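Commentary on secondary and tertiary structure
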Amino acid sequence: MSNALFAAGLSKRFRQVDAVRELTLEVPEGSIFALVGTNGAGKTTTIKMLMNILKPTSGHATVLGTDSRRLGPHDFARIGYVSENQEMPDWMTVGYFLEYLKPFYRAWDGARAAELVDQFQLPRDRKLRHLSRGMRIKAALASSLAYRPRLLVLDEPFGGLDPLVRDEVIEGLLDSAGETTIFISSHDLAEIESFATHIGYLESGRLQFSEEMATLSARFREVEVTLDQPGGLPAALPDRWPDHWLRPEAAPTMVRFIDSRFENGRTQSEIRQLFGEVREVTAYPMALRAIFVALARHGARS
Amino acid sequence: MKQALHIFGKDVFYLWREILLVLALAALFVYVETRGGIVDNPFGMLLIPASCWLIARLIQAEALPGDKQYWVTRPYSWKSLLGSKLLFIAAFVSLPILFVQLAIVIASGFPFWNSLPGLLWTQVLFWFCMSLPLAALSATIAGIVPLILTIFVLFVATVGPLFVLPFGYDLGTLLGPFEWVKDAVLVFAVAAAATLVLRAQYRMRATLFSRIFLAAGGAVAAIAYIYLPLPLAFAVQSSISQQRFDGSSLRAGLAEAPFRQSQYLQDLVRVRIPISVDGVPPGIDVQTDAVRMQFQWPDGRVWKSSPREMVGLQKRAVEGNVFDGVMVLSRALSDAERNRPVTLRGAVYLTLFGNARSRTVAVKKKPVNVMDGIQCFMVTLPGTEFLCRSIFHWPSGVVSAKFSENDLRRFRQAISYSPFPAGLSLGPIETHSTEGTPTLDREVAIIIKEPIAHIRRDFEVHGVRILDFAPL
């Protein structure tokens, strides 16, 4: 499968601040790739470099096979970009906005545009400046989906939206999934979990991992180890826990941690090496939000 | 082209109120201008700011600085976008100005073909001096308010020094009839910088580079404008003018009969230095465009005339060729050294006028076309005055009116040797008067002598004393 987006060693420095560091990323075509990270992790900067809005300090990226620094009108005719704080032509009505953009795209589908307006319940005659935040996002999304882009890039599209609007937006996205690669940055992990196929985690400008959602869910487990008897802990707790055990906690009869490389056999073996025979090992699957929080806390501590 | 027209259409729809305002002001300007009677047409003072406002709003409709604009990730071609903006400016700024001026040409009865170069050159000047620089500024500054503040700061930086410089402090050079060289340097430098910045901004949105380039270009242009030396301006003038006179017979020097007149201003003293020009053949007029002089004392001390002094020297009398220059000296120096012999060195920049052409017309109250795009007429206000007017450009030569055999009067105007067919002005008519007493329906001959040579003459006089010029 070819990549819709590819970045190698992409970095951006603003004066003394490294916003993005050596980011290497692959986004397969047809995927829904979620880029998650805390505020200031570098998600927006990454997206802006990919969209040729900002020039990278070093490294390079390709978008639909084109060097991101050379993205031009021909490429943007196949790319949709929606950002939460995008400046729109506020004086235009929704209807005029769509009509105005139509001639820019050879693939513009008028019927699809009308369908999106209906689906998102957009008021055609209302000026963009008079729309609520959610409505504006939906208008931007409608204008980006109407030409069936090969790549749709969304920067924090769910910020501040109420659940109903969020559902509508996701529904609109899912209708396009498959024919369109979707690259989305978001804080809204619960929503991301429901539809993303791939995920990348960005922390302090560095990409910590990037993988398929299923793989991520499979390798993260909250593990609870019940020891054989009270006082069953080794006389001295290990100085160093395994690196992939996050947030280890020990109580007299129990040890709890998050295994970021869970594999039943291997995890059992590591536990035995540290604690000898134990009464019970329970591994709980984790929600994306819990994984994200664990990673963020682990990152903050380290 | 299709995309450019599409964006153009959107901008017309977006800015229709501003367009209507510009068109209404243009119509009112023409109405007032062709009726006459008002010296400063107020609609001209409104039309230019309204046009500037329109340009700024137009460019910022697709703002270039910043990273949040929706359009930067849409399939806009930079050439189409820039093309649409230029087309819009041509349609709603340039064309109204063209029609305004064309209407004035027609209403004033100036010959169209004579006026055409001026009409077209005015368009170029408005592009160079207003549309392009303003578009470039608007393309590098985000938001109307910061743009207005920047223009205000630029205005203060330009005009401010005039108010804060200490008395007697001279900033820059005065070039008299060669002043147009300065203007041309400024206009072309600003237009070139603005064009490059516009291209860079639309092509790459390199805002930081554009701002630095614009600031540096503006600074270089301003410095060149302020300090352009007279010899360079004279060299430019000489190189583009046909030298149709052999000036080997000409001599310049210190006139023998100086006016002993001085004027004290705080710690300075102004003295008159008379310059004589000899060897001028009959039928040729001479004008002393500028003089640069220096006093040098035996101990090596030097006092030079300021580059703002001795420009466009007045002829002392109708007969003869003695011109009075005014030079400012330090009062302390003048008081201490007034009696000591000193060497006076001077460089005199002369222009000779000849190839006289004349046309006789009857004096009328209604303007009569004479020649070279000049119309003349008589007005009876409280007194009677004879006026001639030109459109776009007053002739570069000496224009005189001969009312009778012994009554030849020169028009009062500062000559410019500019080769360009127009200056930067919305109201293109320039009117000058002359002394003399015209009589209705009697004949008057308008005589134009054109510049036939620009010549520099240097001189050196030993043993003069400041006392010769400033006896007090």
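What counts, and at which threshold
- Residues numbered from 1 in each chain as written.
- Chains lettered and ligands numbered in written order.
- Predicted model: local features only at pLDDT ≥ 70, side-chain atom pairs only at ≥ 80, totals over all residues.
- Helix = DSSP H or I, 4+ residues; strand = E, 2+ residues; numbered from the N terminus.
- Buried ≥ 20, exposed ≤ 12 C-beta atoms within 10 Å, placed from the backbone.
- Contact = placed C-beta atoms within 7 Å.
- Pairing = 2+ DSSP bridges.
- Axes fitted to C-alpha atoms, helices over the stretch in contact; angles between N-to-C directions.
- Left-handed = near helix turned anticlockwise from the far one by under 90°.
- Nonpolar A, V, L, I, M, F, W, Y, C, P; charged D, E, K, R; others polar.
- Domains from an automatic or database assignment.
- Core = buried A, V, L, I, M, F, W, Y, C linked by C-beta atoms within 7 Å.
- Expected span 1.5 Å × (residues − 1).
- Arc of directions from axis to C-beta.
- pLDDT = per-residue confidence, 0-100.
- Bend = angle between axes of the 7 residues up to and from the residue.

1. Quick notes on the overall build of chain A
Of regular secondary structure, chain A possesses 10 helices and 14 strands. A principal-axis box enclosing the C-alpha atoms of chain A has dimensions of 75 × 40 × 35 Å. Taking all 302 residues of chain A together, 40% fall into the buried category. If you take every contact in chain A between residues at least 6 apart in sequence, the share linking residues at least 24 apart comes to 71%.

2. Notes on the overall build of chain B
The secondary structure content of chain B amounts to 10 helices and 15 strands. In chain B, 75% of the contacts between residues at least 6 apart in sequence involve partners at least 24 apart.

3. Notes on the sheet that holds strand β10 (residues 374–380) of chain B
Backbone hydrogen bonds are what pair the strands of a sheet, in a parallel or an antiparallel way. Residue and element names in this part refer to chain B. Within the open sheet, the four strands sit side by side as β9-β10-β11-β14. Their pairing is antiparallel. Edge positions in the open sheet fall to β9 (368–369) and β14 (429–434), since each of these has one partner strand only. The pairing of β10 with strand β11 (residues 384–391) spans seven bridges and is antiparallel. Within β11, the residue paired with Ile374 across the bridge is Ser390.

4. Focus: the packing of helix α4 (residues 78–108) of chain B against helix α5 (residues 112–140) of chain B
Residues and elements named next belong to chain B. Where α4 contacts α5, the axes come no closer than 10 Å and their chain directions differ by 145 degrees. For the pair α4 and α5, the crossing hand works out as right-handed. Facing Lys85, Ile89, Val93, Ser94, Ile97, Leu98, Gln101, Leu102 and Val105 of α4, the residues of α5 in contact are Phe112, Ser115, Leu119, Thr122, Gln123, Phe126, Trp127, Ser131 and Ala135. Residues belonging to the contact of α4 with α5 are distributed by class as follows: 11 nonpolar, six polar and one charged.

5. Quick notes on the domain arrangement of chain B
Residue and element names in this part refer to chain B. One can read the domain layout of chain B as domain 1 (2–169 + 196–219), domain 2 (247–350 + 454–468) and domain 3 (355–453). Measuring from the centre of the C-alpha atoms in domain 1 to the corresponding centre in domain 3 gives 34 Å. Those elements giving two or more residues to the side of domain 1 that touches domain 3 turn out to be α3 (42–61), α4 and α5. No other element matches α5, which puts eight residues into the side of domain 1 that touches domain 3.

6. Looking at the domain arrangement of chain A
In terms of domain boundaries, chain A breaks down into domain 1 (3–215) and domain 2 (221–285). Each of domain 1 of chain A and domain 2 of chain A has a C-alpha centre, and the two are 41 Å apart.

7. As for the pairing of strand β3 (residues 268–278) of chain B
For a regular strand, side chains alternate in direction, first toward one face of the sheet and then toward the other. All names here are of chain B. Alternating positions in β3 separate cleanly, Val269, Val271, Ile273, Ile275 and Val277 being buried on one face and Leu268, Arg270, Arg272, Pro274, Ser276 and Asp278 remaining unburied on the opposite face. One ladder, built from four bridges, connects strand β1 (residues 251–254) with β3; its direction is antiparallel. Across the sheet, the residue bridging to Ala252 is Val277, located in β3. Bridge count for β3 against strand β7 (residues 322–330) is nine bridges, and the pairing is antiparallel.

8. Comments concerning the sheet that holds strand β4 (residues 58–63) of chain A
Residue and element names in this part refer to chain A. Strand order in the open sheet made by the four strands is β2-β1-β4-β5, with antiparallel pairing throughout. Only two strands of the sheet have a single partner each, and these edge strands are β2 (17–28) and β5 (66–67). Here strand β1 (residues 3–14) runs beside β2; their pairing, made up of eight bridges, is antiparallel. Bridging across to β2, Phe14 finds its partner in Val17. On the sheet, helix α1 (residues 43–50) packs against β1, β2 and β4 and is oriented at approximately 115 degrees with respect to β1.

9. As for unusual backbone geometry
Of note in this structure, Gln121(A) is not a glycine but carries a positive phi near 50 degrees. Inspection of the secondary structure puts Gln121(A) in the loop between α4 (110–119) and α5 (133–145). Residues other than glycine seldom take positive phi values, yet Asn355(B) does so here, at roughly 50 degrees. Examined against the element boundaries, Asn355(B) turns out to sit in strand β8 (residues 342–362). Asn355(B) sits in the partly exposed class, given 14 other C-beta atoms within 10 Å.

10. Digging into the nonpolar core
Residues Leu5(A), Ala34(A), Leu50(A), Ala142(A), Val153(A) and Phe183(A) are the most contacted members of the largest nonpolar core, which totals 85 residues. Looking at which element gives the most residues to this core, the answer is α5(A), with six residues. When sequence neighbours within four positions are dropped, the list of residues in contact with Phe183(A) reads Leu5(A), Val27(A), Phe33(A), Leu35(A), Leu151(A) and Val153(A). The next biggest cluster of nonpolar side chains, apart from the first, holds 54 residues, and it includes Phe295(B), Val342(B), Phe353(B) and Val398(B).

11. As for helix α2 (residues 16–35) of chain B
Think of an α-helix as 3.6 residues a turn; residues three or four steps apart then line up on the same face. All names here are of chain B. Here α2 contains 20 residues, and its C-alpha end-to-end distance of 29 Å stays within 8% of the 28 Å for a straight helix at 1.5 Å per residue. Within the sequence span of α2, burial applies to Ile19, Val22, Leu25, Ala26, Phe29, Val30 and Glu33. An end-on view of α2 places all buried positions within 135 degrees of arc, on one side of the element. Opposite the buried face of α2, by more than 90 degrees, sit the exposed residues Trp16, Arg17, Leu20 and Arg35. Those residues of α2 hidden inside the fold are in contact with α1 (2–14), α3 and α4.

12. A few points about the confidence of the model for chain B
With 96% of its residues at a pLDDT of 70 or more, chain B shows a mean pLDDT of 88. Ranking the elements of chain B by mean pLDDT puts strand β2 (residues 262–265) of chain B last with 70 and α1(B) first with 96.

13. Section: helix α6 (residues 144–164) of chain B
Residue and element names in this part refer to chain B. End to end, α6 covers 29 Å across 21 residues, agreeing with the expected 30 Å (1.5 Å per residue, within 8%). Roughly 35 degrees is the biggest bend found in α6, and it falls at Thr158, with proline Pro161 one to four residues downstream. Little of α6 sits inside the fold, with one of its 21 residues counted as buried.

14. Let's talk about the environment of Ser143(A)
Residue and element names in this part refer to chain A. Mapped onto the elements of the fold, Ser143 is located in helix α5. A sequence separation of 103 residues divides Ser143 from Gly40, and the C-alpha atoms of the two residues are 28 Å apart. Setting aside its immediate chain neighbours within four residues, Ser143 contacts Phe97, Leu98 and Leu101.

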